[in-house]
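Residue strings, one per chain:
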Amino acid sequence: MLDEKLIPPHEEELKSNDVVKFFDNVYDENGVHLVQAPKRAYIKKLMETLYNDAKRNQIKLEDGTSAPIVVKRKYEGRASFCYFNTHELSQDEALKAFADIFGITYINKKPETKQKGELIAQEALFFLDDIKLPPHLKKLTGKEKSAQVILLFQQLYNDPIKNICTLEDGTQIPIIIQKTGENNKLSYCLNSKLHRKEVFRAFAKETDCIYLEYKEEDTIPENKHPRELTARQCAKLFHKVGFLSQDENKQEGKERILQWFHHIYSKPELNNIKLPDGREINLLVRRLSGSQRCLCLNTEDTYVKPFVLKRFRDITESEFCFENLDLSKDDKPKLNKLLYNLAKISDNDFSSQQFYQKYSQRAFEELKLKTHHLTVTDYLIEKAKDAKRG
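The rules behind these values
- Residue numbers here run from 1 along each chain, matching the order of that chain's written sequence.
- In view of the model being predicted, local features appear only for residues whose pLDDT reaches at least 70, and side-chain atom pairs are presented and counted only at 80 or more, with totals across whole chains, interfaces and linings using the full set of residues.
- As a convention, hydrogens and water are excluded, and side-chain values are obtained from all of the structure's heavy atoms.
- When two rings of Phe, Tyr or Trp (its six-membered ring) have centres within 6.5 Å they constitute a pair, described as stacked for plane angles under 30 degrees, edge-to-face for angles over 60, and tilted for the intermediate range.
- Secondary structure counts use DSSP, requiring at least four H or I residues in a row for a helix and at least two E residues in a row for a strand, with both numbered from the N terminus.
- Exposure categories follow from relative accessible area, calculated using a 1.4 Å probe and restricted to protein chains: below 20% of the type maximum is buried, above 50% is exposed, and the middle band is partly exposed.
- For a ring to carry a charge above it, either NZ of a lysine or CZ of an arginine must fall within 6 Å of the ring centroid while also lying within 35 degrees of the normal to the ring plane.
- Two residues qualify as a contact provided that any one of their heavy atoms is within 4.5 Å of a heavy atom in the partner residue.

1. Topic: the packing of aromatic side chains
Two measures describe an aromatic ring pair: the distance that separates the ring centres and the angle between the ring planes.
No. 1: This structure, assessed with the given rule, holds 22 aromatic pairs.
No. 2: Taking the centre distance of 5.5 Å and the plane angle of 80° together, the rings of F261 and F312 count as edge-to-face. Taken as a pair, F261 in helix α8 (residues 253-265) and F312 in helix α9 (residues 305-316) lie far apart in primary sequence, 51 residues in all.
No. 3: According to the relative accessible area criterion, F261 is buried, its value standing at 1%.
No. 4: In textbook terms, an aromatic cluster arises when at least three aromatic residues are bridged by ring pairs, as seen for F238, F261, Y303, F307, F312, F320, F322, F355, Y356 and Y359.
No. 5: Over the aromatic face of F127 sits the side chain of R196, whose NZ or CZ is 4.9 Å from the ring centroid.
No. 6: The ring of F126 carries the charged tip of K215 above its face, separated from the ring centre by 4.2 Å.

2. Looking at the environment of L339
No. 1: The topology assignment puts L339 in helix α10 (residues 332-344).
No. 2: Note: C-alpha distance between L339 and F364 (25 residues apart in sequence) is 7.1 Å.
No. 3: Contacts of L339, omitting those with residues within four sequence positions, involve S360, A363, F364, L367, L369, V376, Y379 and L380.

What follows is the structure, given as structure tokens:
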């Protein structure tokens with residue numbers, strides 16, 4: 001009998017290019033998930049490793065004999081090459097044994113074809129924000145963001161405990177599913193064909209990112225007004241902002257505020273405020289700043305600004321820094337009127353009274369009124385006396 005290395009492959013024997021589609025969860029030595037060409041090269045390397053380990057490169061057959069999982073074959077005039085021994089073994093036997101040895105996943109049957117509405121990671125990117133990279137939790141953008149979302153899809157799919165979305169009726173469905181996508185390749189997809197928003201919300205919760213729900217019906221918003229405040233601008237006003245998640249070691253102030261912005265905007269019951277005159281307005285509004293869409297506190301109107309700031313402070317359970325409150329761009333006639341309106345507000349909550357008092361004092365300082373009084377309280381008392389005498 002010829003030496004095995006000189007035997008050409010049998011017709012049914014499979015090389016690495018033939019089997020790569022049947023394996024998933026293939027990672028290199030550095031823990032990088034491999035796809036396409038790097039994945040094929042790594043499978044080939046593992047086949048060569050197994051071939052050179054005669055002890056592990058064996059599988060027992062039903063009749064008690066053993067057969068190699070990987071063999072080397074050679075066409076005349078060509079280099080030798082590793083093949084799966086699917087001449088003596090069934091495809092399932094050889095590939096499953098190989099997968100078990102190297103801790104990868106063997107898929108003996110292709111999943112169903114990807115359906116309309118099911119989103120791969122690249123398609124879901126547009127609706128996701130605040131994607132971070134452990135352990136330092138740096139917020140990612142561009143290609144880094146795309147790669148991390150792909151990894152999150154894979155990790156969630158392989159975690160049955162977390163990969164669950166509970167619908168309103170109590171039904172549980174997977175968040176991430178595996179489908180056959182373009183070019184007959186396996187794809188991890190968001191299970192968003194029927195329950196899109198619910199699944200997106202569940203994914204955001206389990207991966208600690210933000211689902212930009214307003215982008216589902218995306219329109220071009222109004223331009224941002226200079227007096228409307230972005231999350232970055234709010235960071236200097238709101239300190240010790242409460243956390244939305246349990247990981248309290250990850251976010252800077254502006255990142256926590258941004259999470260609160262998206263959380264509040266997605267909940268109509270939170271995204272409203274009732275003014276003392278009975279009007280109801282939105283707490284947060286969508287705006288266009290440059291070429292970027294963003295959320296802002298609805299502080300354009302000088303009259304409503306203190307009530308918006310206080311509502312956001314209350315929701316986030318934060319501390320408000322009056323020293324950093326800039327009223328220089330506010331409408332001065334309205335700011336003057338605010339001195340009187342805030343003084344008339346009666347609220348049993350001491351912290352609310354204190355907030356309006358401090359805000360009124362800052363407005364008083366900004367107006368630089370011609371008076372010898374140093375506090376707004378003394379100024380208003382004198383004005384009230386003048387009104388009675390008049």
